[in-house]
Amino acid sequence: MAMANRQNRGAKLPPEVNRILYIKNLPYKITTEEMYEIFGKFGAVRQIRVGNTAETRGTAFVVYEDIFDAKTACEHLSGYNVSNRYLVVLYYQATKAWKRMDTEKARAKLEDIKERYGIGGDIDKEKEKMGLFTPRRN
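These numbers come from a predicted model, not from an experiment. (Residues numbered from 1 in each chain as written. Predicted model: local features only at pLDDT ≥ 70, side-chain atom pairs only at ≥ 80, totals over all residues. Heavy atoms only, no water.)

Undergrad: Go over the pattern of salt bridges with me, naming the residues and quoting the values.
TA: Tallied over the full model, the rule gives four salt bridges. The closest approach of N and O atoms between K71 and E75, which form a salt bridge, is 2.6 Å. With K71 and E75 both in helix α3 (residues 67-77), this residue pair falls four residues apart, about one helical turn. Since its relative accessible area comes to 23%, K71 is described here as partly exposed. Ionic pairing is found between R116 and D112, a salt bridge with its closest N-O pair at 2.9 Å. Residue R116 and its partner D112 are located together in helix α4 (residues 94-117), separated by four residues, close to a single helical turn. (Salt bridge = Lys/Arg side-chain N within 4 Å of Asp/Glu carboxyl O. Helix = DSSP H or I, 4+ residues; strand = E, 2+ residues; numbered from the N terminus. Buried < 20%, exposed > 50% of the residue type's maximum accessible area, 1.4 Å probe, protein only.)

Shown next, in the form of structure tokens:
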């Protein structure tokens, strides 16, 4: 595998490829040692972070020393069966993660403002409360 990796080093990589992999659908009780055993077969692993909160359970981040090792791992481990669960291995995309976080913050702020000022946000429901109806054309 290392030999095949060296031959591909001259190849141009797609822009989404990077050293950090995001893994989903992991068994909840998987240990970091088991993760090193699975992902270490494809190259030197710098760091593994396994989710341990209710929101992050079943996910992990794996950081490789070399981008080509990460690419090989992503190609070979997507769909790999671990404890009757098929892994979903993706390249970590920081821009998407930050956009999602910003959207969640904005949504929470909007809900706070709606609650503070007693605004429902649904125009039809607001009109109904006030007794205003728009006649429909036939």
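Undergrad: Quick rundown of the pairing of strand β1 (residues 20-24)? Include the residues and the values.
TA: In regular strands, side chains alternate between the two faces of the sheet. Of the two faces of β1, the one lined by L21 and I23 is fully buried and the one lined by I20, Y22 and K24 carries no buried residue. Where β1 lies against strand β3 (residues 60-64), four bridges are found, and the strand directions are antiparallel. Among the inter-strand pairings, Y22 is bridged to a residue of β3, identified as F61. As paired elements, β1 and strand β6 (residues 88-91) share four bridges and run antiparallel to each other. Residue pairing in the sheet places Y22 in a bridge with L90 of β6. (Pairing = 2+ DSSP bridges.)

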